[in-house]
There are 2 protein chains.
Amino acid sequence: MGEAKRVHLVDSTLRDGSHAVSHQFTPEQVAKIAEGLDASGVEYIEVSHGDGLAGSSYNYGWAAASDEEYLRAAASVIKRGKLTVLLLPGIGTQEDLEMARDCGAQAVRVATHVTEADIGEQHIGLAKKLGMKAFGFLMLSHMVPPEKVAEQAKLFESYGAEVIYVADSAGAMLPDDVKARVGAVCDAVNVPVGFHAHNNLSMATANSLAALEAGATYIDCCLRGLGAGAGNTQTEVLVGVLRKFGYETGVDFYKVMDVAEEILEPLMHRPQVIRNASLMLGYAGVYSSFLLHTYRAAEKFGLDPRDILVELGRRRMVGGQEDMIVDVAYQLAQRKGGA
Amino acid sequence: MGEAKRVHLVDSTLRDGSHAVSHQFTPEQVAKIAEGLDASGVEYIEVSHGDGLAGSSYNYGWAAASDEEYLRAAASVIKRGKLTVLLLPGIGTQEDLEMARDCGAQAVRVATHVTEADIGEQHIGLAKKLGMKAFGFLMLSHMVPPEKVAEQAKLFESYGAEVIYVADSAGAMLPDDVKARVGAVCDAVNVPVGFHAHNNLSMATANSLAALEAGATYIDCCLRGLGAGAGNTQTEVLVGVLRKFGYETGVDFYKVMDVAEEILEPLMHRPQVIRNASLMLGYAGVYSSFLLHTYRAAEKFGLDPRDILVELGRRRMVGGQEDMIVDVAYQLAQRKGGA
């Protein structure tokens, strides 16, 4: 075996993982987990509401504490890793980013829908002015062809993003989908490329490996696979698998699995498994915010909600179009009635 | 897309999955689940103690009912599928196989350690005499190189086995390991080839896809991923993923996921997740029967049990050599003391 290839891990237990505990981590718990991740050698430790800075709200779910309290709790214990935040333009503001920097955040991931990198320009610019490492993060990348993902990645690069992420936010991709998109982005930009998986089709780890094969060098993960829906790539499993593959992560395998089992697991509200709703979201390729509306529409029109989800995926509907679900259900019901 | 490739699914919820409920399914529960699997169109429905016919014992765990009771319960509801049993020569006997056939079993998987196909010769012969479909099933296939697996597969074929399985009993393989072994077996034999995954490294579905790519046409799975340790490939997820890939399984995707969530899930004793012990077994490539002995030896010699497991894997120790674990631990402790 040649020299080990270096992989940069971004642990998102305290950001994407917070969805799985309805954003109810306490600052003390955040400190405990961040301390464990840091002692294990995890390079980037992401701490934010599941929907990014300022996500705590009626719409996205109230968190148990403020972004500032969480960030200060994590910053107080992190010695080696880089405290990282997520920001979705439209939810988080420039003031939120300044606050995060003041709390000790060293990196920010500016996340937009895969076709809307342009709304991240200002935030990338501000991050750099604040001396933070700026990532561009393209959500729901399965919805458009590889060339389009690459085009948007180039936009992020032109704004100054130092790493570009391909995110499979619905857990809808299979390894060849990942390779095509990550490969296209790697060809298009001159900065490192990352990949963020979801496990709806049980492919999170395999897709992460596919991303590395296609040239990515940054990978997201969460202890115990915590995360929205079916969750993310399981940090401690990924570390073990990467060791078997000859990749170097800088993470202590035994330590990180102890953090998962001894610190994180007792705090979990539910096991991180693939239930039918998550499976269907991955299968149909639609985002979780559609679920509630879909169940309501299905009941109203006497349909199987799964048929609606598949149709929404076929039409590539995106967040913000929730009101169109009723139209889709109506049309499906008409079609069914006429058949 | 061309014509869909046919994949034969063997659901083992009621055999390998019974490990996860300590073999405590009742015959009524077995009937309910088998009925659901059958109505979903699952082709092979495996019903046996987790360690095969006659596994119910002090050593392997007492089951809540006899093999005969389970098989009769399943046979009474199966209309389209083939009732299947597992038999490990040395645990199950020829009389057990005759009993299974009398209860309605149509297929048997004769399972041996990957280097010991020869102890399956008589049982394969008897199965054929009884008019049952006979599978040869090579356990812990990760422990030997592809050529050796192929050699043993040829033995099974020479005894009359109609399908040969490569089983990753420790969940230790990565997709390239699977492709190498399944590919070698496909090249060596003229009968269909199958693959049985475990999810210790979160690769069960990805490895199953790798097996299909390498030429396998039979795949094992369990509802909700039930099974020993980290469990098996999750049936309902696999069915969805195979549809996305353009494979034809004959299984109704919605029906089978309803069986998983409505019938099986409420009966589960624990969520089927990857905890540290299973992760380490997959990482080290050792079988679960070593776990208890390893923890005892670790305590005696003041070692981390994980170091012992890795050393056992390195030495390719197999079941039956449990007494040598203390020797290994002693040597590790000496080495550590001298370092």
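Here the structure is a predicted model, which means the values were calculated and not measured.

## Brief notes about the overall build of chain A
Across its full length, chain A carries 13 helices and 10 strands. For a compact globule of 339 residues, the expected C-alpha radius of gyration is about 20 Å, and chain A comes in at 19 Å, within 12% of that figure. Of all intrachain contacts in chain A linking residues separated by at least 6 positions in sequence, the fraction that spans at least 24 positions is 76%. Just so you have it, chain A exposes about 12,600 Å², and 49% of that area is on carbon and sulfur atoms. The positive charge centre, built from 31 side chains, and the negative charge centre, built from 43, are 3 Å apart in chain A.

## Some points on the relation of the copies chain B and chain A
For the match of chain B to chain A, the screw axis carries a shift of 0.0 Å, the RMSD comes to 0.0 Å, and the turn is 180°. These values place the two chain copies in the arrangement generated by a two-fold rotation axis. When the interface residues of chain B are mapped onto chain A, 100% of them again lie at the interface, so the same face is used by both copies.

## Topic: the pairing of strand S8 (residues 193-196) of chain A
Residue and element names in this part refer to chain A. Neither face of S8 is left uncovered, since the one carrying Val193 and Phe195 and the one carrying Gly194 and His196 both have all their residues buried. Sheet analysis places strand S7 (residues 163-167) next to S8, joined by four bridges and oriented parallel. Of the residues in S8, the one forming a bridge with Tyr165 is Gly194. Running through helix H6 (residues 175-188), the crossover from S7 to the neighbouring parallel element S8 is right-handed. As judged from the two bridges shared by S8 and strand S9 (residues 218-221), these two strands associate in the parallel manner. Considered in S9, the bridge of Gly194 is made with Tyr218.

## Some points on the packing of helix H3 (residues 94-102) of chain A against helix H4 (residues 121-129) of chain A
Residues and elements named next belong to chain A. Running from amino to carboxyl end, H3 crosses H4 at an angle of 25°, the nearest separation of the two axes being 10 Å. Considering the angle they form, H3 stands roughly parallel to H4. For H3 against H4, the interelement crossing comes out right-handed. Residues Gln94, Leu97 and Glu98 of H3 form the contact with H4, whose own contacting residues are Gln122, His123, Leu126 and Ala127.

## Observations regarding the side chain of Asn276 of chain B
In this structure, Asn276 of chain B sits in helix H10 (residues 276-284). If we skip the residues at most four places from it in the chain, Asn276 of chain B touches Arg224, Met257, Asp258 and Glu261 of chain A.

## Quick notes on the interface of chain B and chain A
Contacts between the two partners involve 38 residues from chain B, matched on the other side by 38 residues from chain A. On the chain B side of the contact with chain A, Lys244, Tyr254 and Tyr283 of chain B bury the most area, a combined 20% of that side's loss. Residues Arg275 of chain A and Glu265 of chain B are paired through a salt bridge, measuring 2.6 Å at the closest nitrogen-oxygen approach. Applying the counting criterion to the chain B and chain A interface returns 26 residue pairs in polar contact (both at pLDDT 80 or more). Within the residue set of the side of chain B that touches chain A, elements represented by two or more residues are helix H7 (204-213), helix H8 (235-245), helix H9 (253-264), H10 and helix H12 (305-314) of chain B. The biggest single contributor to the side of chain B that touches chain A is H8 of chain B, with seven residues. For the side of chain B that touches chain A, a count of residues per class yields 19 nonpolar, eight polar and 11 charged.

## Here's the deal with helix H8 (residues 235-245) of chain A
Think of an α-helix as turning once every 3.6 residues; residues three or four places apart then point the same way. Among the 11 residues that make up H8 of chain A, eight are buried, leaving the element largely enclosed by the rest of the structure. Within the sequence span of H8 of chain A, burial applies to Thr235, Glu236, Val237, Leu238, Val239, Gly240, Val241 and Leu242 of chain A. Buried residues in H8 of chain A make contact with strand S2 (8-14), helix H7 (204-213), S9, strand S10 (247-248) and helix H9 (253-264) of chain A together with H10 of chain B.

## Considerations on the sheet that holds strand S9 (residues 218-221) of chain B
Residue and element names in this part refer to chain B. Taken in spatial order, the eight strands of this closed barrel run S2-S3-S4-S5-S6-S7-S8-S9, and their pairing is parallel. On average, each strand axis in the sheet is inclined to that of its neighbour by 25°, with strand direction left out of account. Here four bridges tie strand S6 (residues 133-139) to strand S7 (residues 163-167), and the two strands are oriented parallel to one another. Note that in S7 the partner of Leu138 across the bridge is Val166. Its contacts with the sheet place helix H2 (residues 67-75) against strand S3 (44-47) and strand S4 (82-87), and it is angled at close to 160° to S4. On the sheet, helix H5 (residues 146-159) packs against strand S5 (107-113), S6 and S7 and is oriented at approximately 160° with respect to S6.

## Structural notes on the environment of Gln106 of chain B
When you line up the elements, Gln106 of chain B lands in the loop between helix H3 (94-103) and S5. In contact with Gln106 of chain B, not counting residues within four places along its chain, are Gly81, Lys82, Leu83, Met132 and Lys133 of chain B.

## A look at the UniProt feature "site: Transition state stabilizer" (unreviewed entry) in chain A
Residue and element names in this part refer to chain A. Within this numbering scheme, the UniProt entry marks Arg15 as carrying the feature "site: Transition state stabilizer" (unreviewed entry). Note that Arg15 resides in the loop between S2 and helix H1 (27-40). Look past the residues within four positions of Arg15 in its chain and what remains in contact with it is Glu46, Val47, Ser48, His49, Gly50, Leu86, Arg109 and His196.

## Overview of the domain arrangement of chain A
Residue and element names in this part refer to chain A. Under the domain assignment, chain A is made up of domain 1 (5-267) and domain 2 (286-338). If you average the C-alpha positions of domain 1 and of domain 2, the two centres end up 30 Å apart. At the interface, six residues of domain 1 touch five residues of domain 2. Between domain 1 and domain 2, the buried area comes to about 530 Å², and carbon and sulfur atoms account for 64% of it. It is Leu140, Met143 and Ala170 in domain 1 that bury the most area against domain 2; as a group they hold 64% of the surface buried on that side. Summed over the shared surface of domain 1 and domain 2, the result is zero salt bridges. Where domain 1 meets domain 2, there are one residue pair in polar contact (both at pLDDT 80 or more).

About the criteria used
Residues numbered from 1 in each chain as written. Chains lettered and ligands numbered in written order. Predicted model: local features only at pLDDT ≥ 70, side-chain atom pairs only at ≥ 80, totals over all residues. Heavy atoms only, no water. Helix = DSSP H or I, 4+ residues; strand = E, 2+ residues; numbered from the N terminus. Rg over C-alpha atoms; globule rule 2.2 N^0.38 Å. Contact = heavy atoms within 4.5 Å. Areas by Shrake-Rupley, 256 points an atom, 1.4 Å probe, with all protein chains shown as cover. Lys, Arg positive; Asp, Glu negative; His and termini not counted. Charge placed at Lys NZ, Arg CZ, Asp CG, Glu CD. Least-squares fit on C-alpha atoms with pLDDT ≥ 70 in both. Buried < 20%, exposed > 50% of the residue type's maximum accessible area, 1.4 Å probe, protein only. Pairing = 2+ DSSP bridges. Right-handed = clockwise from strand over helix to strand, strands pointing away. Axes fitted to C-alpha atoms, helices over the stretch in contact; angles between N-to-C directions. Parallel < 35°, antiparallel > 145°, perpendicular 65-115°, else oblique. Left-handed = near helix turned anticlockwise from the far one by under 90°. Buried area = accessible area lost by both parts, 1.4 Å probe. Salt bridge = Lys/Arg side-chain N within 4 Å of Asp/Glu carboxyl O. Polar contact = N/O pair within 3.5 Å; in protein donor to acceptor, adjacent residues only side chain to side chain. Nonpolar A, V, L, I, M, F, W, Y, C, P; charged D, E, K, R; others polar. UniProt positions renumbered as here; feature names shortened; annotations may be inferred. Domains from an automatic or database assignment.

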